Amino acid sequence: MLVHLPKTVAEAREHVAEGAVPVGGATLVWATWQRDGFPGQAVSLREVPQANAMGPEELGGAVVLSRIGEEVPYVLRAAAAGVGTGAVRRAATVGGNIAGSTLRCLLPAALVLEARAIVLAPHGVYETDLAEVTAKRPVLLGLRWSTPVASAYRKLPAAAGGAPPLVVATALHAGTDPDTSPRTDAGHGTSPRTDAGTGTGTGHRLRVAVRDGYDVLTATANLVPGSAHPADQLRETPLADLPGAWGLIDEQVAALMAAASAEGRTGDEPRRSD
């Protein structure tokens, strides 16, 4: 197998147009290749600067999970820290996890951050939502989002080889969402709805994503004077059908409401729900 290591997006696009298979850490596809045969050519983005970016509002698709640290919001780095073993995290990439994995451990965190995907296609680079990424599995150059006021994350322990563990991710954003209809789906064979926009007006909006098995359900609550309690709003969404998640949801909602009322509204470090 010939592995291309382009140093620019333009070079990477050429290889994709020629049919090269995208590969990151290969933690998900190596066994399949050994069984079914290796592709003729592959392309890795590990030397493309844009795919290795990491900052408060961006994360490159070629970044290995073990590198994800203080630069990104808590919810995203906590999700990365909970993936597999240390050896897996040193090899697995952001793009492989979100676009190539059935578990998509980073997806709930990316959804509550309202992240947008930067995708590489044979015809060029474009921005899209996470629904397209999970449905079409394109080459993911990176993710971009706006800094949240606060965020929280919890992944329950699970037996090795058993069902995927329950995950609850939340993030609080400035501004409300004029469309608070339920966001459902993001799991095995289906796609999340992520067209929420950037928020309007005063107050805050609270995003919740729950991974239950291979599915991810999402919902939104607005925090404005006179509105129903966020937990009550969320119980009017499909999250109500996930009784095992509500202890974690309630804990995280309480922490993020405290963040919303805190003077200055800074930092998400103390908002973890352990």
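Note that this is a predicted model, so its numbers are computed, not measured.

For the rest of this paragraph, the subject is the sheet that holds strand β6 (residues 116–121). The strand order across the open sheet built from five strands is β4-β5-β8-β6-β7, with neighbouring strands paired in antiparallel fashion. At either margin of the open sheet sits one strand with a lone partner, and together these are β4 (54–55) and β7 (124–128). Summarising the sheet, β4 and strand β5 (residues 58–60) pair through two bridges and their orientation is antiparallel. Following the sheet pairing, G55 is matched in β5 by E58. Strands β6, β7 and β8 (139–144) of the sheet are contacted by helix α1 (residues 9–17), whose axis makes an angle of about 60° with β6.

This model, assessed by the stated rule, comprises zero aromatic pairs. Sitting over the face of the ring of W246, R235 holds its NZ or CZ atom 3.9 Å from the ring centroid.

Mapping V16 onto the fold places it in helix α1. Given a relative accessible area of 14%, V16 falls into the buried group. Contact partners of V16, with chain neighbours within four places excluded, come to V43, L120, P122 and V139.

As a note on interpretation, predicted positions should not be read in detail where pLDDT is low. Per-residue confidence for the chain gives a mean pLDDT of 85, with 84% of residues at or over 70. Taken together, the stretch residues 181–197 has pLDDT below 50 and engages in 62 contacts with residues farther than four places along the chain or on a different chain. Taken as a whole, residues 263–274 scores under 50 in pLDDT and shows 32 contacts with residues more than four places along the chain or in a different chain.

Right, let's talk about the environment of V43 for a bit. Among the secondary structure elements, V43 is positioned in strand β3 (residues 41–43). Sequence spacing of V43 and V16 is 27 residues, and the spatial spacing of their C-alpha atoms is 7.4 Å. Excluding its chain neighbours within four sequence positions, the residues that come into contact with V43 are H4, P6, H15, V16, A20, V21, P22 and V23.

Look at E114: it is not a glycine, yet its phi comes out positive at around 60°. Note on placement: E114 falls in the loop between α6 (107–112) and β6.

Conventions adopted
Residues numbered from 1 in each chain as written. Predicted model: local features only at pLDDT ≥ 70, side-chain atom pairs only at ≥ 80, totals over all residues. Heavy atoms only, no water. Pairing = 2+ DSSP bridges. Helix = DSSP H or I, 4+ residues; strand = E, 2+ residues; numbered from the N terminus. Contact = heavy atoms within 4.5 Å. Axes fitted to C-alpha atoms, helices over the stretch in contact; angles between N-to-C directions. Phe/Tyr/Trp six-rings, centres within 6.5 Å; stacked < 30°, edge-to-face > 60°. Lys NZ or Arg CZ within 6 Å of the ring centre and 35° of its normal. Buried < 20%, exposed > 50% of the residue type's maximum accessible area, 1.4 Å probe, protein only. pLDDT = per-residue confidence, 0-100.

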